[in-house]
Amino acid sequence: MTGPAGPPPAGTPLVLRGREVGRGADGALRPVVMAIVNRTTDSFYAPARKPDEGAALAAAHQAWADGAQILDVGGVRAGVGPEVGEAEEIDRVVPFVARLREQVPDLLVSVDTWRAGVAREVVAAGADLVNDTWAGHDPGLVEVAGAAGVGVVCSHTGGAVPRTDPYRVEYPPTPGAGGDPRDGVLDDAVATLRAAAARAVACGVPPRSVLVDPTHDFGKNTWHSLHLLRRTEALAGLGYPLLMALSRKDFVGETLGLGPDDRLEGTLAATALAAWMGATVFRAHDVVATRRVLDLVAAVRDEAPPHAVLRGLA
């Protein structure tokens with residue numbers, strides 16, 4: 001009789017600018033929290049809106065104190081909204097990145113943009129990672145990241161273009177694949193992410209600085225996003241650090257019948273599942289709660305020790 005199965009395989013560690021992210025003073029490697037600051041007035045979750053630079057810098061300091069290792073800075077709402085040109089996006093994010101580098105030098109900086117021109121400016125200002133949430137819409141963006149040796153996020157949107165919402169999108173089963181007929185979205189995501197990651201490496205991005213992101217909600221309905229969460233282990237098996245941007249998203253809200261302000265518990269449940277199955281980085285509005293969930297999952301996976309072990313011993 002065989003013993004109980006262990007946890008799924010560990011995820012691939014993230015390295016940015018030669019620094020292995022998530023390695024603690026105890027030597028254990030834990031999943032990474034990516035906090036969020038949006039230099040916008042219309043992001044879907046109001047507390048993340050920080051158009052005032054002072055408030056945005058204060059939020060960055062707090063994120064670092066709360067246990068985030070990366071801060072993701074956005075200058076344009078991801079979804080439908082007023083037009084924001086490239087020059088305005090640069091004005092919103094580039095000076096902020098430069099000040100952030102000065103004030104919190106150990107906090108790694110990511111910028112959420114799909115524009116190569118913005119990527120070039122933020123990298124020059126000190127950004128460590130370019131978070132391309134629109135799946136290479138501007139093919140020059142990954143070339144910017146490769147030339148600078150910074151990290152890049154490769155995402156999956158099913159062909160959706162920037163700032164559009166999905167409408168009746170379908171992912172048919174792969175012919176002859178057998179298995180779960182819902183795996184059409186998984187097969188599409190795996191193929192897209194594998195090809196995008198290979199191009200990033202070919203452009204000069206170090207392999208462990210290439211994150212892959214199934215990009216829940218983007219180009220997907222709630223059934224699709226739930227299935228990608230269910231199949232996290234297959235995504236982690238691509239062999240690149242796996243980013244999960246689950247925080248307060250619509251698929252969580254629609255599953256539970258809740259608006260953005262009430263989606264914390266659902267987000268944390270999804271976070272625990274994805275961490276158990278090998279995801280590496282978690283983009284999160286709620287840093288403290290996410291950090292605690294990830295630390296507990298790491299301990300259960302036997303990848304990190306408990307903070308203290310006194311019960312029954314002292």
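Residues numbered from 1 in each chain as written. Predicted model: local features only at pLDDT ≥ 70, side-chain atom pairs only at ≥ 80, totals over all residues. Heavy atoms only, no water.

Considerations on the nonpolar core
Put simply, the rule reads: The nonpolar core is taken to be a set of buried Ala, Val, Leu, Ile, Met, Phe, Trp, Tyr and Cys residues, with the residues joined through side-chain atoms within 4.5 Å. In this scheme, a residue with accessible area under 20% of its type's maximum is buried, one over 50% is exposed, and one in between is partly exposed, where area comes from a 1.4 Å probe on protein chains only. The helix and strand labels rest on DSSP assignments: H or I over at least four residues marks a helix, E over at least two residues marks a strand, and numbering proceeds from the N terminus. A contact between two residues is defined here by any heavy atoms of the two lying within 4.5 Å.
In this structure, Leu 71, Leu 100 and Leu 235 are the most contacted members of the largest nonpolar core, which totals 69 residues. With seven residues, the top contributor of residues to this core is helix α5 (residues 184-202). Those residues in contact with Leu 235 that sit more than four places away from it in its chain are Leu 186, Ala 189, Val 190, Leu 193, Pro 214, Leu 228, Leu 242 and Met 244. Leu 16, Val 32, Val 153 and Leu 243 belong to the second largest nonpolar core, which has twelve residues in total.

What to know about the layout of surface pockets
Our working rule: Cavity and pocket criteria rest on a 1 Å grid covering protein atoms alone: a 1.4 Å probe that fits but cannot get out defines a cavity, protein on both sides within 12 Å along at least 5 of 7 lines defines an open pocket, and an atom within 4 Å of a point defines a lining residue. Grid points are joined across faces, edges and corners, and a volume is the space filled by probe spheres set on the points. Three residue categories are used. Nonpolar comprises Ala, Val, Leu, Ile, Met, Phe, Trp, Tyr, Cys and Pro, charged comprises Asp, Glu, Lys and Arg, and polar comprises the others, including Gly.
Estimates place the volume of the largest pocket at around 830 Å³. As for the largest pocket, its lining consists of 41 residues, of which Phe 44, Ala 78, Gly 79, Asp 217 and Phe 218 are closest to the centre. Taken together, the elements giving at least two residues each to the lining of the largest pocket come down to β3 (32-38) and α8 (250-256). Within the lining of the largest pocket, the residues separate by chemical class into 16 nonpolar, 13 polar and twelve charged.

Some words on the pairing of strand β4 (residues 70-74)
Definition in use: Paired strands are those between which DSSP finds at least two bridges. When the strands point away from the viewer and the path from the first strand over the helix to the second turns clockwise, the crossover is right-handed.
The buried count for β4 comes to five of five residues, which makes it a mostly enclosed element. The two faces of β4 match: Ile 70, Asp 72 and Gly 74 on one face and Leu 71 and Val 73 on the other face are all buried. Alignment of β3 against β4, held across five bridges, turns out to be parallel. Note on β4: the bridge partner recorded for Val 37 is Val 73. For the handedness criterion, the β-α-β arrangement of β3, helix α1 (residues 53-66) and β4 is classed as right-handed.

Considerations on the pattern of salt bridges
For clarity, the threshold we go by: Salt-bridge detection follows one rule: a side-chain nitrogen of Lys or Arg within 4 Å of a carboxyl oxygen of Asp or Glu.
For the structure on display, the rule yields 19 salt bridges. Asp 286 serves as the salt-bridge partner of Arg 248, at 3.0 Å between the closest nitrogen and oxygen. Linking Arg 248 in the loop between β9 (243-244) and α8 with Asp 286 in the loop between β10 (281-283) and α10 (287-300), this pair joins segments that are 38 residues apart in sequence. You can call Arg 248 buried: its relative accessible area is 4%.

Remarks on the pairing of strand β8 (residues 210-213)
Side chains Val 210 and Val 212 of β8 all project onto a buried face; the interleaved residues Leu 211 and Asp 213 project onto the opposite face, where all are buried too. Bridge count for strand β7 (residues 151-155) against β8 is four bridges, and the pairing is parallel. Along β8, the bridge assignment pairs Val 153 with Leu 211. Since β7 and β8 lie parallel, the crossover through α5 that links them has a hand, and here it is right-handed.

Overview of the packing of aromatic side chains
Note the cut-off: Any two of the Phe, Tyr and Trp rings considered here, Trp counted by its six-membered ring, make a pair once their centres fall within 6.5 Å; the pair's planes then place it as stacked at under 30 degrees, edge-to-face at over 60, or tilted in between.
Using the criterion set out here, one finds one aromatic pair in the structure. Ring plane angle 45 degrees and centroid distance 4.8 Å describe the contact between Trp 134 and Phe 218, whose orientation is recorded as tilted. Separated by 84 residues along the polypeptide, Trp 134 in the loop between β6 (129-131) and α4 (140-148) and Phe 218 in the loop between β8 and α6 (222-230) bring together distant segments of the chain. Residue classification places Trp 134 among the buried residues on the basis of a relative accessible area of 3%. The exposure class assigned to Phe 218 is buried, which follows from its relative accessible area of 14%.

Quick word on empty space enclosed by the protein
Which parts of space are left empty comes out when a probe the size of a water molecule is rolled across the atoms. Tallied over the full model, the rule gives one cavity of 30 Å³ or more. Here the largest cavity defines a volume of roughly 50 Å³. Within the residue set of the lining of the largest cavity, elements represented by two or more residues are α9 (264-276) and β10.

Here's the deal with the environment of Val 144
Note on placement: Val 144 falls in helix α4. For Val 144, a relative accessible area of 11% corresponds to the buried category. A sequence separation of 81 residues divides Val 144 from Ser 225, and the C-alpha atoms of the two residues are 30 Å apart.

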